[in-house]
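# Close look at the chain arrangement
For reference, the chains in residue letters:
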Amino acid sequence: MSRIGKKPVELPAGVTASVSGQTIEVKGPKATQNFTATDDVTIALEDNAVTVTPRGKSKRARQQWGMSRTIVANMVKGVTEGFKKELEINGVGYRAQMQGNTLKLSLGYSHDVDFEVPAGVTVTCPKNTEIVIEGDSAQLVGQVAANIREWRKPEPYKGKGIKYKDEYIFRKEGKKK
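Each chain has its residues counted from 1, running along the sequence as written. Selection of residues for local features in this predicted model requires a pLDDT of at least 70, selection of side-chain atom pairs for listing and counting requires 80 or more, and totals for whole chains, interfaces and linings are taken over all residues. The basis for the side-chain values is all heavy atoms of the structure; hydrogens and waters are excluded.

## Digging into the overall build of the protein
- Of the regular secondary structure elements, the protein holds three helices and 13 strands.
- Taken over C-alpha atoms, the radius of gyration is set against a globule rule of 2.2 Å times the number of residues to the power 0.38. Relative to the compact-globule value of 16 Å for 177 residues, the protein shows a C-alpha radius of gyration of 21 Å, a clear excess of over 25%.
- Dimensions along the principal axes, computed over C-alpha positions, put the protein at roughly 65 × 40 × 25 Å.
- Three labels apply to residues, based on accessible area from a 1.4 Å probe with only protein chains included: buried if under 20% of the type maximum, exposed if over 50%, partly exposed otherwise in between. Residues classed as buried in the protein amount to 36% of the 177 residues present.
- Of the contacts formed within the protein by residues at least 6 apart in sequence, a portion of 49% connects residues at least 24 apart.
- In the structure as shown, the protein presents an accessible area of about 10,700 Å², 49% of it carried by carbon and sulfur atoms.
- When charges are counted, Lys and Arg contribute as positive and Asp and Glu as negative, whereas His and the chain ends are disregarded. Just so you know, the charge point we use is NZ for Lys, CZ for Arg, CG for Asp and CD for Glu. Here the protein contributes 29 positive and 20 negative side-chain charges, whose respective centroids are spaced 8 Å apart. Strands are runs of DSSP state E lasting at least 2 residues, helices are runs of H or I lasting at least 4, and numbering of each runs from the N terminus. Residue contacts follow a heavy-atom distance rule, with two residues in contact if any of their heavy atoms lie within 4.5 Å. All accessible areas in this document rest on Shrake-Rupley with a 1.4 Å probe, and a residue is counted as covered only by the protein chains that are shown.

## Describing the packing of aromatic side chains
- The aromatic pairing rule takes the rings of Phe, Tyr and Trp, using the six-membered ring of Trp, and pairs them if the centres are within 6.5 Å, calling planes under 30 degrees apart stacked, those over 60 edge-to-face and the rest tilted. Counted according to the given criterion, the structure contains zero aromatic pairs.
- By the criterion adopted, a ring carries a charge over it if an Arg CZ or a Lys NZ lies within 6 Å of its centre and within 35 degrees of its normal. Directly above the ring of Tyr164 sits Lys85, whose terminal nitrogen or CZ lies 5.4 Å from the centroid.
- Above the ring of Tyr109, the side-chain terminus of Arg152 is found at 4.3 Å from the ring centroid.

## A short note on the sheet that holds strand 2 (residues 16–20)
- For two strands to count as paired, DSSP must find a minimum of two bridges between them. What the three strands build is an open sheet, ordered 2-3-4; its pairing is antiparallel. Of all the strands in the sheet, just strand 2 and strand 4 (32–36) have a single pairing partner and so form its edges. Strand-to-strand, the axes of this sheet are offset by a mean angle of 15°, without reference to chain direction.
- Bridging between strand 2 and strand 3 (residues 23–27) involves five bridges; their strand directions are antiparallel. Considered in strand 3, the bridge of Ser20 is made with Thr23.
- Sheet strands in contact with helix 2 (residues 59–80) are strand 3 and strand 4, and its direction is about 170° off that of strand 4. For helices, the fitted axis covers only the stretch in contact; all axes are lines through C-alpha atoms, and the angles between them, taken along N-to-C directions, range from 0 to 180 degrees.

## Some points on unusual backbone geometry
- Its identity as a non-glycine residue notwithstanding, Asp47 has a phi of 30°, on the positive side.
- Secondary-structure assignment places Asp47 in the loop between strand 5 (41–46) and strand 6 (49–54).
- Take Asp47: its relative accessible area is 73%, and that puts it in the exposed class.
- A positive phi angle, near 60°, is found at Asn48, a position not held by glycine.
- With respect to the secondary-structure elements, Asn48 resides in the loop between strand 5 and strand 6.

## Structural notes on helix 3 (residues 138–150)
- What a helix is expected to span follows from its residue count: subtract one and scale by 1.5 Å. Its 13 residues give helix 3 an end-to-end C-alpha distance of 18 Å, which sits within 8% of 18 Å, the value for a rise of 1.5 Å per residue.
- Looking at helix 3, one finds that the buried residues are Val141, Val144, Ala145, Ile148 and Arg149. Take helix 3 and look down its axis: the buried residues cluster within an arc of 135°, on one side only. Set apart from the buried face of helix 3 by more than 90 degrees, the exposed residues are Gln139 and Glu150. Arc definition: it is the arc formed by the directions from the helix axis to the C-beta atoms.

## Thoughts on the sheet that holds strand 11 (residues 121–124)
- Reading across from one edge, 11-12-7-13 is the order of the four strands in this open sheet, with antiparallel pairing throughout. Each edge of the open sheet carries a strand with a single partner, namely strand 11 and strand 13 (161–164). Neighbouring strand axes in the sheet, compared pairwise and without regard to direction, differ in orientation by 20° on average.
- Of the pairings in the sheet, the one linking strand 7 (residues 83–90) to strand 13 comprises four bridges and is antiparallel in character. Bridge pairing in strand 13 places Glu88 opposite Lys163.
- Across the sheet, helix 3 touches strand 7, strand 11, strand 12 (130–135) and strand 13, and the angle it forms with strand 7 is around 10°.

## Some thoughts on the pairing of strand 4
- Because side chains alternate across strand 4, one face comprises the buried residues Gln33 and Phe35, and the other comprises Thr32, Asn34 and Thr36, none of which is buried.
- Where strand 3 and strand 4 come together, five bridges link them in antiparallel fashion. Each residue of the ladder has a partner; that of Thr23, found in strand 4, is Thr36.
- If you look at the hairpin formed by strand 3 and strand 4, you'll find four residues sitting between the two strands.

Right under this line is the structure:
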């Protein structure tokens, strides 16, 4: 039994949901999102709450049950509050700045890295060593943050690179003399 899947997703004030077949559409003050579930689960709208139930007892149905419920919950959170990821840049000469719709990163390479920001996400640089990614889709915000971090992952000796703000980098001791 999925502990996550059993819980209904409550719809806060100002959020409406409509279910047609396997597709659910959630409208809120920030955005509108839709999701089409697999045939292994059933999505129902009951007294201002969305419930997800599995069809059958197969392993795939149980997997889709919890995942589908989490996706619906993330859609509800995205259309009301939105999602936010913060990245920090550590290293001498490493910096970032926004130029229009392009994030320019200086990461110690012989060239600057130009990262095109996809639609549906806003990227800002409050300082030249901080990057803030915001949007209404949890998957898209997380994927953009991972793509930016991929250019220079933090290394364990000096801690140089791009890391999440709340991430802990396990530091290693250098070579002994």
